[in-house]
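Residue-level listing of the chains:
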Amino acid sequence: AASLNYKRAMVPYPDKATKTLSDGNLHELDAPFLLAAYAGRFAFHPVYQSKTRDTFKSFHELLGIRMKRKQKNMLDEKGVMIFEQQGGAGTPISVRHQLTTEMTSPQTREDSIVAISDYTSKYLRSDYEQYIGKYNITGETLSRIQATLQVAINRLKKESVINGFSITRIAQDPDEPDTVLVSVRIKVPYPCNYIDITLFLD
């Protein structure tokens, strides 16, 4: 996981599980099947929803070494996404923490935040397709682009994909004059991963 160090790559543990297939027998399946089930489970969730502590029921039993919390924390720190099955065979599998393999910051290690970034990029790109090749870069075109951006970002905010935004630049690129540079800072919804309680005794 540490060697991958990539925000769109995940390494699960355990990386094997059993599942009943169409022949009626239990088969041992590897990590790609677990991650496919993870992706399928959350494909219908809102893009901004954290996947930590959520569950899926696609498998019979996780296979792997039973670990203590400290050992799991050591794997977490290296970017390993841990699956748990607290109730034993036949019960739902839960996601301990929605980790990617890039542990640099919450923006890269939290799967939901990476998903928000990717979703927002594609969303805005599709809105700007209408301008490519059809307009010359003029003051009016820049104003149209800004208006389109404002509407699109406000829509994302209304849908709770983002919490807020600020447009920091819309300008013609001085080095590549056929290019418009657009910069936007977005505030993303962060998952509540920790609650730090301090007690004061009187």
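Here the structure is shown first, and the text comes after it.
Residues numbered from 1 in each chain as written. Predicted model: local features only at pLDDT ≥ 70, side-chain atom pairs only at ≥ 80, totals over all residues. Heavy atoms only, no water.

Draft legend 1. Here's a closer look at the overall build of the protein. What the protein contains, in helices and strands, is 5 helices and 9 strands. For the protein, the succession of helices and strands along the chain, N to C, is β-β-β-α-β-β-α-β-β-α-α-α-β-β. For 202 residues, the compact-globule formula gives about 17 Å, and the C-alpha radius of gyration of the protein, at 22 Å, lies well above that figure. Taken along its principal axes, the extent of the C-alpha atoms in the protein is 65 × 65 × 35 Å. In the protein, the share of contacts with a sequence separation of at least 24, taken over all contacts with a separation of at least 6, comes to 57%. When the accessible surface of the protein is split by element, carbon and sulfur atoms take 51% of a total near 12,900 Å². Averaging the coordinates of the 26 positive side-chain charges in the protein and doing the same for the 23 negative ones gives two points 4 Å apart. (Helix = DSSP H or I, 4+ residues; strand = E, 2+ residues; numbered from the N terminus. Rg over C-alpha atoms; globule rule 2.2 N^0.38 Å. Contact = heavy atoms within 4.5 Å. Areas by Shrake-Rupley, 256 points an atom, 1.4 Å probe, with all protein chains shown as cover. Lys, Arg positive; Asp, Glu negative; His and termini not counted. Charge placed at Lys NZ, Arg CZ, Asp CG, Glu CD.)

Draft legend 2. Focus on the nonpolar core. L124, L149, I153, L156 and I162 are the most contacted members of the largest nonpolar core, which totals 16 residues. Looking at this core, the elements with two or more residues in it are α4 (111–128) and α5 (139–158). Residues contacting L124, with those up to four places away along its chain left out, are L149, A152 and I153. Membership of the second largest hydrophobic core comes to 15 residues, among which are L29, L34, F59 and F83. (Core = buried A, V, L, I, M, F, W, Y, C linked by side-chain atoms within 4.5 Å. Buried < 20%, exposed > 50% of the residue type's maximum accessible area, 1.4 Å probe, protein only.)

Draft legend 3. Main features of unusual backbone geometry. A cis amide bond links Y13 with the next residue in sequence, P14, at an omega value of -5°. By secondary structure assignment, the location of P14 is in the loop between β1 (11–13) and β2 (16–20). Of note in this structure, N5 is not a glycine but carries a positive phi near 45°. The backbone phi angle of R53 is positive, close to 70°, even though this residue is not glycine.

Draft legend 4. View of the sheet that holds strand β7 (residues 93–95). Pairing is mixed across the open sheet formed by 4 strands, whose spatial order is β1-β6-β7-β4. Unpaired on one side and paired on the other, β1 and β4 (55–56) mark the two borders of the sheet. When β1 meets strand β6 (residues 80–84), the two strands line up parallel, connected through 3 bridges. Note that in β6 the partner of P12 across the bridge is M81. Most of the contacts of helix α2 (residues 69–77) go to β6, to which it runs at about 140°, and overall it touches β1 and β6. (Pairing = 2+ DSSP bridges. Axes fitted to C-alpha atoms, helices over the stretch in contact; angles between N-to-C directions.)

Draft legend 5. Structural view of α4. Between the first and last C-alpha of α4 there are 26 Å, a value that for 18 residues agrees with the 26 Å anticipated at 1.5 Å per step. All of the buried residues in α4 are D111, S112, I113, V114, I116, T120, Y123, L124 and Y128. Elements that come into contact with the buried residues of α4 comprise α1 (31–42), α3 (106–109), α5 and β9 (180–187). (Expected span 1.5 Å × (residues − 1).)

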